[in-house]
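If you want the building blocks of each chain, they are given just below.
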Amino acid sequence: MITTHQTVDVHRERALLWRAQALCSAAQAAGIVGLGWYALVLGTGALGVGAVFAAALAPVAAAGFYPGAARALLSRGRRTPLWGGQAAMAAALSVALATAVLGLPIVPVLAALCLGVGRALFDTAAVSILHANVAHERQHSALRELTQRYAAGQPVGVALALVGGFASGGPLGSISVGALLAAAGVGLSMRHHRALTHAPRARVPFAAALAESRLVLVRQARLRAAIIFGAVGVAIATGQAALLISWFAEGPDVGGDALVPTMLIAVLGAHMVLVHAGPWIRSLDPRRMLLLAFSVQAVGLLVGWRAPDAATAAAAYGLTLLSAATLVELATRVREETVPAGLAPAIGVTAGGVWALAGALGGLTAAVASLVLGLGASFAVLGISSAAGGLGALAVSSLGGRGPGPDVRPPRSDEATRRDRADRLAARS
């Protein structure tokens, strides 16, 4: 995967990055659950939970929208932000935990903001490594694998946060889980070869590629539609997550002791369904994929709203995971069909920024709606919105059909060409 001026174990570096991505994603999810739960303990209500989500996602959105932010985040190379971002996440959660244990006042929103900064550091460095070090023709597949690790880490982080929270009788257990996961990610990322600190600069600079990716979004109607609909789905899912934290802590009794094991079963069940149904989902027309994602999401929301017990609540969460995976697969497929391989990592960061912004707005909007309408009615509104999104997908002609991506490559130096040729020869041998 990686080509540098120094000899490195390619498979080892890739395995480290993939595992660190999953741990970082899980730590982010667990940290948000714990901090949102703690905001409820402080009496801020659902609005406090929504603010935690917004604060944790805002730095990720900023890193995706502003190329200058990426340039600043990578000013000390790539290896340092990999472990440094996770260290910032671990520190933010550890400080929040320590101050809470000591009885000192903490601000969950501030801790969530630091959590988001750490996540933005790690994401920018990880995707920049793909942009600068992966052979051109393999950048789409490398980004797909990295995205899959992120998607896999989220539900695991939520499930472990619930285990820690219910085992300790409060949100501090969830915060502890997030801190431990982030610390484990630091240890993994520090094992990367030092060659990653100074990646080769043969390709277009990453900040320039980010700027170009925004122009690609303007020109490519299919990609734009996939990202926009995906952002709608993310906003609804984030709103659902913000409401679920309030619901589990303050809403109907769904059986806390039974919720944890059934939630873990739901995570594993959703994964098994995706393994077996994945090829069929990927074979669908993009509009049908969108319709499927929003329909499943709507059913999950409406079932979860009326869940009479823990098993039903966990099943509803499993449906949400299936919907999210379908939306990610849709965006990935359209990106691979419309975007030059050399711009894939930059498009991934830009799309991530759009989705992070949508998630922040979705969390806040759902929290405000719960204050006006109540928890139950807010779940119903989200479910209706998801169903409307599915119907809207049928009317989007720009997503119909498929075709190969444009055969356009970013400028490459002779040195980069020689390195790619040597990399291919080494792979054959």
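Scoring rules and cut-offs
Residues numbered from 1 in each chain as written. Predicted model: local features only at pLDDT ≥ 70, side-chain atom pairs only at ≥ 80, totals over all residues. Heavy atoms only, no water. Helix = DSSP H or I, 4+ residues; strand = E, 2+ residues; numbered from the N terminus. Buried < 20%, exposed > 50% of the residue type's maximum accessible area, 1.4 Å probe, protein only. Contact = heavy atoms within 4.5 Å. Areas by Shrake-Rupley, 256 points an atom, 1.4 Å probe, with all protein chains shown as cover. Core = buried A, V, L, I, M, F, W, Y, C linked by side-chain atoms within 4.5 Å. Phe/Tyr/Trp six-rings, centres within 6.5 Å; stacked < 30°, edge-to-face > 60°. Salt bridge = Lys/Arg side-chain N within 4 Å of Asp/Glu carboxyl O. 1 Å grid on protein atoms, 1.4 Å probe; cavity = no way out; pocket = protein on both sides within 12 Å on 5 of 7 lines; lining within 4 Å. Points joined across faces, edges and corners; volume = space filled by probe spheres on them. Nonpolar A, V, L, I, M, F, W, Y, C, P; charged D, E, K, R; others polar. Expected span 1.5 Å × (residues − 1). Patch = residues over 30% accessible without salt bridge, like charges linked within 9 Å, V, L, I, M, F, W, Y side chains within 5 Å. Axes fitted to C-alpha atoms, helices over the stretch in contact; angles between N-to-C directions. Parallel < 35°, antiparallel > 145°, perpendicular 65-115°, else oblique. Left-handed = near helix turned anticlockwise from the far one by under 90°. pLDDT = per-residue confidence, 0-100.

## Description of the overall build of the chain
Here's step 1: The helix and strand inventory of the chain stands at 15 helices and 0 strands.
Here's step 2: Split into buried and exposed, the 429 residues of the chain put 55% on the buried side.
Here's step 3: Across the chain, every contact between residues at least 6 apart in sequence was considered, and the portion connecting residues at least 24 apart equals 87%.
Here's step 4: In the structure as shown, the chain presents an accessible area of about 17300 Å², 67% of it carried by carbon and sulfur atoms.

## Focus on the nonpolar core
Here's step 1: Counting residues in hydrophobic clusters, the biggest one holds 98 residues, and the most contacted among them are Leu17, Leu35, Leu82, Leu130, Leu146, Leu223 and Ile245.
Here's step 2: The biggest single contributor to this core is helix H1 (residues 10-41), with 15 residues.
Here's step 3: Core analysis: the second largest hydrophobic core is formed by 6 residues, Ala54, Leu57, Ala356 and Ala360 among them.

## Description of the packing of aromatic side chains
Here's step 1: A full pass over the atoms with the stated rule returns 1 aromatic pair.
Here's step 2: Between phenylalanine 229 and phenylalanine 294 the ring centres are 6.2 Å apart and the planes differ by 65°, which places this aromatic pair in the edge-to-face class. One end of the pair, phenylalanine 229, is in helix H9 (residues 221-250); the other, phenylalanine 294, is in helix H11 (residues 286-305), and 65 residues separate them in sequence.

## Comments concerning the pattern of salt bridges
Here's step 1: One pass over the full model with this rule turns up 7 salt bridges.
Here's step 2: Aspartate 123 is the partner of arginine 119 in a salt bridge, and the nearest nitrogen-oxygen pair spans 2.4 Å. With arginine 119 and aspartate 123 both in helix H5 (residues 108-133), this residue pair falls 4 residues apart, about one helical turn.
Here's step 3: Exposure remark for arginine 119: the relative accessible area of 1% places this residue in the buried category.
Here's step 4: With a shortest N-O distance of 3.6 Å, arginine 333 and glutamate 337 are connected by a salt bridge. Residue arginine 333 and its partner glutamate 337 are located together in helix H12 (residues 310-338), separated by 4 residues, close to a single helical turn.
Here's step 5: Among the residues examined, glutamate 337 registers a relative accessible area of 10% and is labelled buried.
Here's step 6: Residues participating in the shared-partner salt-bridge network are Arg144, Glu329, Arg335 and Glu336.

## Section: empty space enclosed by the protein
Here's step 1: Counting across every chain of the model gives 1 cavity of 30 Å³ or more.
Here's step 2: Put simply, the largest cavity is a space of about 60 Å³.
Here's step 3: When grouped by side-chain class, the residues that make up the lining of the largest cavity number 10 nonpolar, 3 polar and no charged.

## Notes on helix H2 (residues 45-65)
Here's step 1: For H2, with 21 residues, the first-to-last C-alpha span of 31 Å sits near the 30 Å given by 1.5 Å per residue.
Here's step 2: With 16 of its 21 residues buried, H2 lies for the most part within the structure.

## Remarks on helix H6 (residues 139-168)
Here's step 1: An ideal rise of 1.5 Å per residue puts 44 Å on 30 residues; H6 measures up with 43 Å between its terminal C-alpha atoms.
Here's step 2: Residue glycine 169 follows H6 closely and has a positive phi angle near 80°.

## Regarding a nonpolar patch on the surface
Here's step 1: Taken together, Leu47, Leu364, Val368, Leu371, Val372, Leu373 and Val381 make up a surface patch of nonpolar side chains, about 600 Å² in accessible area.
Here's step 2: With respect to the secondary-structure elements, leucine 373 resides in helix H13 (residues 344-373).

## Thoughts on the side chain of glutamine 240
Here's step 1: Relative to the elements of secondary structure, glutamine 240 occurs in helix H9.
Here's step 2: Relative accessible area serves as the criterion here: at 4%, glutamine 240 is assigned to the buried category.
Here's step 3: Leaving out residues up to four positions away in the same chain, glutamine 240 has contacts with Leu301, Thr320, Phe379 and Leu382.

## A word on the environment of arginine 333
Here's step 1: Classification of arginine 333 as buried rests on a relative accessible area of 6%.
Here's step 2: Distance from arginine 333 to arginine 144, taken between C-alpha atoms, is 9.2 Å for residues 189 residues apart in sequence.

## As for the packing of H2 against H5
Here's step 1: H5 packs onto H2 with a crossing angle of 30° between their chain directions and a minimal axis gap of 7 Å. Considering the angle they form, H2 stands roughly parallel to H5. Judged by the twist between their axes, the crossing of H2 over H5 is right-handed. On H5, the residues touching Ala51, Val52, Ala55, Ala56, Pro59, Val60 and Ala63 of H2 are Pro108, Val109, Ala112, Leu113, Gly116, Val117, Arg119, Ala120, Asp123 and Thr124.
Here's step 2: Grouping the constituent residues of the contact of H2 with H5 by class yields 13 nonpolar, 2 polar and 2 charged.

## A short note on the side chain of arginine 335
Here's step 1: Examined against the element boundaries, arginine 335 turns out to sit in helix H12.
Here's step 2: With residues near it in sequence (within four places) discarded, arginine 335 still touches His140, Leu143, Arg144, Leu223, Ala344 and Ile347.

## Some details on the packing of H6 against H13
Here's step 1: Viewed as axis vectors pointing N to C, H6 and H13 meet at an angle of 35°, and their least axial separation amounts to 9 Å. Contacts between H6 and H13 involve Gln139, His140 and Leu143 from the first element and Ala344, Pro345 and Gly348 from the second.
Here's step 2: Among the residues forming the contact of H6 with H13, the class breakdown is 3 nonpolar, 3 polar and no charged.

## Some points on the confidence of the model for the chain
Any region with low pLDDT has predicted coordinates that should not be read closely.
Here's step 1: Per-residue pLDDT for the chain averages 78, and the proportion of residues at 70 or more is 80%.
Here's step 2: Overall, residues 1-5 carries pLDDT values under 50, and its contacts beyond four positions in sequence, including any with other chains, amount to 22 contacts.
Here's step 3: A low-confidence stretch, residues 402-420 stays under pLDDT 50, and its non-local contacts, those more than four residues away or across chains, total 37 contacts.

## As for the environment of leucine 143
Here's step 1: As for its placement among the helices and strands, leucine 143 is situated in helix H6.
Here's step 2: The exposure class of leucine 143 is buried, given its relative accessible area of 3%.
Here's step 3: C-alpha of leucine 143 to C-alpha of leucine 130: the two residues are 13 residues apart in sequence and 7.3 Å apart in space.
Here's step 4: Aside from chain neighbours lying at most four places away, what touches leucine 143 is Leu130, Arg335, Ala344, Pro345 and Gly348.

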